[in-house]
Amino acid sequence: MKGFVRAALAAVRPVDVLPSPNIWHWPELYEVENRAQDVDGAIWRALREECDWAGRDVVDVGCGDGFHLPLLAREARSVIGVEPHPPLVQRARARVADVPNAEVVAGPAQRLPLRDATADLVHARTAYFFGPGCEPGMREADRVLRPGGALAIVDLDGTAEPYGPWLCADEPRYNPADVERFFADQGFSLRRVRALWRFERREDLEAVLRIEFSETVAEKAIARTPGLSFEVGYRVHVRRKPVGIVLP
């Protein structure tokens, strides 16, 4: 995945906002991708078991055009989407215009425009938190979380067939084991999830793979993917903010 790999590698540099090469340039096609992802709700089930958001206040960091906001808002008390790219902010605001308990604000993950201790769950899905270099965003998440609240990061599992090897082939410098070790060292639990991607049309599947990977990798992935669906491995990393005093 071009955006995922480049973001993961750039995370070690002091970048304020790293452009996403997929949703920034092809938001309509990315909408098709979002609808195809996790059609059986495996990621949602894992998140609910790890950090149920029913009746809670949720922040979605790097919310893009807000695809997940209405889904979160069905059960949450409130949902705030945070997104740095102005065109996506506008699209996200339009999406939740009729959702009374959801709103969207503009800002980067490392400077959340939110007050201290106002959220029970900070959720980020394949956005900003890609490994070493995302510590400023983690500190911001801890700041806005209430004691006992959770930071839940969903990223792609580079070790899981078939999608993971495509991701790693696109950028050999990306090491999923190093990223996994980083989150473990930061105190996160790890849960692996297999999610089904299913498209309505073959041309949509091929178009999505072409915006996610380089031309060479995309064509190999297309050739090796018959039909309209394939599985993608994810990792769900969760860390809770301590309730009491933490001694050094």
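About the thresholds
Residues numbered from 1 in each chain as written. Predicted model: local features only at pLDDT ≥ 70, side-chain atom pairs only at ≥ 80, totals over all residues. Heavy atoms only, no water. Helix = DSSP H or I, 4+ residues; strand = E, 2+ residues; numbered from the N terminus. Buried < 20%, exposed > 50% of the residue type's maximum accessible area, 1.4 Å probe, protein only. Contact = heavy atoms within 4.5 Å. Areas by Shrake-Rupley, 256 points an atom, 1.4 Å probe, with all protein chains shown as cover. Phe/Tyr/Trp six-rings, centres within 6.5 Å; stacked < 30°, edge-to-face > 60°. Lys NZ or Arg CZ within 6 Å of the ring centre and 35° of its normal. Arc of directions from axis to C-beta. Polar contact = N/O pair within 3.5 Å; in protein donor to acceptor, adjacent residues only side chain to side chain. Pairing = 2+ DSSP bridges. Right-handed = clockwise from strand over helix to strand, strands pointing away.

A.B. asks: Give a detailed account of the overall build of the protein chain, specifying residues and quantitative values.
C.D. replies: Tallying secondary structure elements over the protein chain gives 10 helices and seven strands in all. Burial analysis of the protein chain (248 residues in total) assigns 54% to the buried set. Long-range contacts, defined here as pairs at least 24 residues apart, represent 74% of the contacts in the protein chain between residues at least 6 apart. For the protein chain, the computed accessible surface area is about 11,400 Å², with 52% contributed by carbon and sulfur atoms.

A.B. asks: Explain the packing of aromatic side chains to me, using residue names and the numbers behind them.
C.D. replies: Following the criterion strictly, the structure yields 12 aromatic pairs and no others. Taken together, a centroid distance of 5.0 Å and an interplanar angle of 55 degrees make the contact between Tyr163 and Phe213 tilted. Of the two residues, Tyr163 is situated in helix H7 (residues 163–170) and Phe213 in the loop between helix H9 (202–212) and helix H10 (215–223); the sequence distance between them amounts to 50 residues. Counting every residue linked through ring pairs, the aromatic cluster contains Tyr163, Trp166, Trp197, Phe199, Phe213 and Phe230. Here the guanidinium or amino end of Arg125 rests over the ring plane of Trp44, the centre of that ring lying 4.3 Å away.

A.B. asks: Any details on H10? Residues and values, ideally.
C.D. replies: Three- or four-residue spacings in an α-helix give side chains the same orientation, since the helix completes a turn every 3.6 residues. All of the buried residues in H10 are Val217, Ala218, Ala221 and Ile222. In an axial view of H10, the angular spread of the buried residues amounts to 135 degrees, which keeps them on one side of the axis. Pointing more than 90 degrees away from the buried face of H10 are the exposed residues Glu215, Thr216 and Ala223.

A.B. asks: So what about the environment of Lys241? Which residues, and what values?
C.D. replies: Note on placement: Lys241 falls in the segment after strand E7 (229–240). For the pair formed by Lys241 and Asp120, sequence separation is 121 residues and the distance between their alpha carbons is 9.5 Å. For Lys241, the contacting residues outside a window of four places in its chain are Asp142, Arg143, Leu145, Arg146, Pro147, Gly148 and Gly149. In this structure the side chain of Lys241 is engaged in a polar contact, spanning 2.8 Å, whose partner is the backbone oxygen of Asp142.

A.B. asks: How would you summarise the environment of Leu209 if you had to cite specific residues and measurements?
C.D. replies: Here Leu209 is to be found in helix H9. Judged by relative accessible area, which is 0%, Leu209 ranks as buried. Along the primary structure Leu209 and Glu33 are separated by 176 residues, whereas in three dimensions their C-alpha atoms are 9.2 Å apart. Excluding its chain neighbours within four sequence positions, the residues that come into contact with Leu209 are Tyr163, Trp166, Ala218, Ala221, Ile222 and Phe230.

A.B. asks: Break down the side chain of Glu140 for me, with residues and values.
C.D. replies: Structurally, Glu140 is set in helix H6 (residues 135–144). Polar contacts involving the side chain of Glu140 include one to the side chain of Arg143, which spans 2.7 Å.

A.B. asks: Summarise the pairing of strand E5 (residues 145–156); cite the residues concerned and give the values.
C.D. replies: Within E5, nine of the 12 residues are buried, which leaves it mostly tucked inside the rest of the structure. For strand E4 (residues 119–125) and E5, the ladder comprises six bridges, and the chain directions are parallel. Residue pairing across strands places Arg125 opposite Val154, the latter belonging to E5. Note on the crossover from E4 through H6 to E5: the handedness is right-handed.

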